[in-house]
Amino acid sequence: MEAINRINAVAVTTFRETIRNKVLLHLFGFAAAMMALGWVVSNWSLGEPGKIISDIGLSVTTLAGVAIALFSGIVLVWGEVEHRTILPILAKPLPRREYVIGKFFGFASAVSLVYAGMNLLLILLLTVVGEGASMKILSAVYLSWWEVLIVTALALLFSSFSSPTLSALFTIMLFIAGRFSNDIRLYVADNPLAYSRWILESVYAILPHFGAFNIRLEAVHNLPISAERILVPSLYGAIYCIAILTVAVLVFRKRDLA
Amino acid sequence: MSETAAIIADSIGKTYYLGVNRRPVEALRHVSFEVKAGEVFAFLGLNGAGKTTTIKMLLDHARPSTGRCFLFGVDSQIPHSRTKVGYMPDLPNFYRFLTASELLDYFGRLHGLHKSERTTRSRRLFSLVGLEGRENEPLNGFSRGMLQRVGLAQALIGEPELLILDEPLGGLDPKGRYEFHAIISSLKAEGRTIFFSSHILDDAEKVADRVGIIHKGTLVASGSMAELVMQESGFEVELRHPPEPTSLHNFCASKGWSYTVSDSITSITVPHEENLTELMKFALDSNLQIYAVTPQRKTLEMAFISELEKWKQ
Ligand SMILES: Nc1ncnc2c1ncn2[C@@H]1O[C@H](COP(=O)(O)OP(=O)(O)OP(=O)(O)O)[C@@H](O)[C@H]1O
Ligand SMILES: [Mg+2]
């Protein structure tokens, strides 16, 4: 119970500190501008405006969410060590694992709020063009949210032991690899060598399978989406985040603060 | 050891490895000391001596390469050891977008305090450190000295039995220093233990019971203020004398005491307390007027320098 209270205290403070930072607002504005652009484009083109807006909009909100998680996340712990704000905090009777977990929840809440705000804007736009938000669009938004959360956890993990530049590099590499993880599997299937196949399969297993969270195409084109298609990735996302956080705790537990 | 010491540093060493070729830098070498509960301990040393590094080990901000530390008997690598500890960093820095009261509330929560308690304590602490009226301003508008005051308030929020303060007087103006001394005295009167680092000897001299002197990562001396500072005590006696004080000067010369004469006052330095009685008797017998008797103390500065010089040899 005391642990929950302390984690909560760290989370609330992290949330406040993140949300009051102007950087988030700028990224939000950028995403809004992109969606407005999509709207303009949808007016000029021949296709159905609702489809174009939701197509562009879903991609924009997901990428903007990922970008926010990435660029604010990579300085999260690193910045606290660099600016020494962490010293009085860890001088309290606060175990480091609680600090890391609290940091994640606070930061993830802030990112999620911005992500929700951007999608609200998207739904508003869809309502304006007479489309409205279907259950399918909302499901797509929900699953992409897990993608944002995983990037949040990854950025936090890297920021707990390396500089922002390296963290950005690692996170972006994993993000891209994760988006193309399916191709790796296809390549594996073609590869006759058992040994390298084993390695590639391991790599595939560890990479975040971002493809699992992508039902944007189905949502835009109103294709059928099963309940399983939503539940299984949710479970996968939760387990993946917990795994990354566990590694972050292990890495951060004994490290020297400068 | 009957009572648990507030701090035990047991042979702590810390080696940092710098650069790509991992050049070792020994920031601390087998530093051992003990701070008893209720004591004010000043940890003195020049820039780069290893004061902050020692404090990092005490708070588990970094792990020692050798040795261990204990706070109230609990291994400092266990977070629980910091339950009754308040820490103030040198050059304190806090979240820029929080207000001072949000920050204090946060630290109170980390100590497991309830809302009502956090509110009362915050109010009291803001007035103690002289920040009342500014508590709802964001911290990015605070000056260095103001952050230092927030730092002290934050250290006190858990009503700690042990305070670990790294250069607490660093950014303070004269008024702030004076107030700080008063706060330390009152905390000491409440029976709290205070460990603070400084390179300003005056501050240590005013408030500390015991001092440790660290130089290039090695603890070169530690002991009570009395031991370190009053070793070479003697007395200066000033006597008002008649125009021709020959007998007095002869008496001093016969005893081997040095003296200086100015106008109608002779000041004599005697090495021991017994000599004082002798001289007094002589003065009374000769009808000399006693003007002043002052005990002579080696200043901490002199002690500090002589310890460093001893160490060099
Ligand atoms: N993270 C680090 N990496 C490498 N060397 C370090 C590190 N921290 C401290 N040192 C070295 O350890 C030595 C002691 O530093 P420390 O900060 O403890 O000194 P200090 O006594 O607190 O000095 P000051 O009065 O300037 O605060 C210095 O030589 C310093 O360069
Ligand atoms: Mg220092």
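Basis of the calculations
- Residues numbered from 1 in each chain as written.
- Chains lettered and ligands numbered in written order.
- Predicted model: local features only at pLDDT ≥ 70, side-chain atom pairs only at ≥ 80, totals over all residues.
- Heavy atoms only, no water.
- Salt bridge = Lys/Arg side-chain N within 4 Å of Asp/Glu carboxyl O.
- Helix = DSSP H or I, 4+ residues; strand = E, 2+ residues; numbered from the N terminus.
- Buried < 20%, exposed > 50% of the residue type's maximum accessible area, 1.4 Å probe, protein only.
- pLDDT = per-residue confidence, 0-100.
- Phe/Tyr/Trp six-rings, centres within 6.5 Å; stacked < 30°, edge-to-face > 60°.
- Contact = heavy atoms within 4.5 Å.
- Buried area = accessible area lost by both parts, 1.4 Å probe.
- Nonpolar A, V, L, I, M, F, W, Y, C, P; charged D, E, K, R; others polar.
- Polar contact = N/O pair within 3.5 Å; in protein donor to acceptor, adjacent residues only side chain to side chain.
- Pairing = 2+ DSSP bridges.
- Axes fitted to C-alpha atoms, helices over the stretch in contact; angles between N-to-C directions.

Describe the pattern of salt bridges, listing the residues and the values that go with them.
Residue and element names in this part refer to chain B. Applying the stated criterion to the full structure yields 26 salt bridges over all chains. With a closest N to O distance of 3.0 Å, Arg121 and Glu117 form a salt bridge. Linking Arg121 with Glu117, this pair stays in helix α3 (residues 115-128), spanning four residues, or about one helical turn. We classify Arg121 as buried; its relative accessible area is 9%. For Glu190, the salt bridge is made with Arg192, and the minimal N-O distance between the two is 2.8 Å.

Describe the confidence of the model for chain B, and please don't skip the residues or the numbers.
Low-pLDDT stretches of the model should not have their predicted coordinates read in fine detail. Summary statistics for chain B give a mean pLDDT of 89 and a share of 96% for residues scoring 70 or more. Predicted as a complex, the structure gets a pTM of 0.86 and an ipTM equal to 0.89.

Go over the packing of aromatic side chains with me, naming the residues and quoting the values.
All names here are of chain A. Within the structure shown, the criterion is met by 19 aromatic pairs over all chains. Between Trp145 and Trp146, the ring centres sit 5.5 Å apart and the planes meet at 55°, which makes this aromatic pair tilted. Judged by relative accessible area, which is 26%, Trp145 ranks as partly exposed. Relative to Phe210, the ring of Phe175 has its centre 5.2 Å away and its plane inclined at 55°; by these criteria the two rings are tilted. One end of the pair, Phe175, is in helix α8 (residues 164-179); the other, Phe210, is in the loop between α10 (194-206) and α11 (216-220), with 35 residues separating them in the sequence. When its relative accessible area of 13% is taken as the criterion, Phe175 is described as buried. Judged by its relative accessible area of 1%, Phe210 falls in the buried class.

Any details on the interface of chain B and chain A? Residues and values, ideally.
Each partner contributes residues to the interface: chain B has 31 residues there, and chain A has 32 residues. Its largest share of buried area at the contact with chain A, chain B owes to Tyr95(B), Phe97(B) and Leu110(B), together 25% of the area lost on that side. At the boundary of chain B with chain A, the tally comes to four salt bridges. Note that Arg84(A) is salt-bridged to Asp90(B), the shortest N-O span being 3.6 Å. Broken down by secondary-structure element, the contributors of at least two residues to the side of chain B that touches chain A are β1 (7-18), α2 (100-110) and α4 (144-156) of chain B. The biggest single contributor to the side of chain B that touches chain A is α2(B), with five residues. Of the residues that constitute the side of chain B that touches chain A, the class distribution is 16 nonpolar, six polar and nine charged.

So, the environment of Glu26(B): which residues are in play, and what are the values?
Residue and element names in this part refer to chain B. On the secondary structure map, Glu26 appears in strand β2 (residues 23-35). Note on Glu26: relative accessible area 42%, which makes it partly exposed. Setting aside anything within four residues of it in sequence, one finds Glu26 in contact with Lys14 and Thr15. Among the polar contacts listed, one links the side chain of Glu26 to the side chain of Arg29, at a separation of 3.3 Å.

Can you tell me about the sheet that holds strand β9 (residues 210-215) of chain B, naming the residues and giving the values?
All names here are of chain B. Pairing within the open sheet is mixed, and its six strands lie in the order β6-β7-β8-β3-β9-β10. In this open sheet, the two strands that pair with only one neighbour each are β6 (85-88) and β10 (218-224). On average, each strand axis in the sheet is inclined to that of its neighbour by 15°, with strand direction left out of account. Relative to strand β8 (residues 193-198), strand β3 (residues 40-44) is paired through five bridges, and the arrangement is parallel. Bridge pairing links Phe43 to Ser197 in β8.

Tell me about the pairing of β3(B), and please be specific about residues and values.
In the case of a regular strand, side chains alternate between the two sheet surfaces. All names here are of chain B. By the criterion of burial, β3 is predominantly enclosed, with five of the five residues buried. Sheet topology note: the β3/β9 ladder contains four bridges and is parallel. Bridge assignment links Leu44 to a residue of β9, and that residue is Ile213.

Would you mind going over unusual backbone geometry in detail, with residue names and values included?
The phi angle at Asn222(A) is positive, at roughly 55°, despite the residue not being glycine. On the basis of relative accessibility, which here comes to 56%, the residue Asn222(A) falls in the exposed class. Positive phi is not limited to glycine here, since Phe72(B) has a value of about 50°. Turning to its location among the elements, Phe72(B) is positioned in the loop between β4 (66-71) and β5 (74-75).

Before we move on, could you go through the sheet that holds β4(B) and cite the residues and values that matter?
Residues and elements named next belong to chain B. Read from one edge to the other, the open sheet built from four strands follows the order β2-β1-β4-β5, with strand pairing classed as antiparallel. Every other strand in the sheet has two partners, leaving β2 and β5 as the edge strands with one partner each. Across nine bridges, β1 lies against β2 in antiparallel orientation. Bridging across to β2, Ile12 finds its partner in Val31. Relative to β1, helix α1 (residues 51-58) is tilted by about 115°, and along the sheet it contacts β1, β2 and β4.

Mind laying out the side chain of Ser76(B), listing which residues take part and the relevant values?
Residues and elements named next belong to chain B. If you trace the backbone, Ser76 turns up in the loop between β5 and β6. Here the side chain of Ser76 touches Met57 through a polar contact of 3.5 Å, landing on its backbone oxygen. Excluding its chain neighbours within four sequence positions, the residues that come into contact with Ser76 are Met57, Leu58, Asp60, Cys69, Phe70, Leu71, Ser81 and Arg82.

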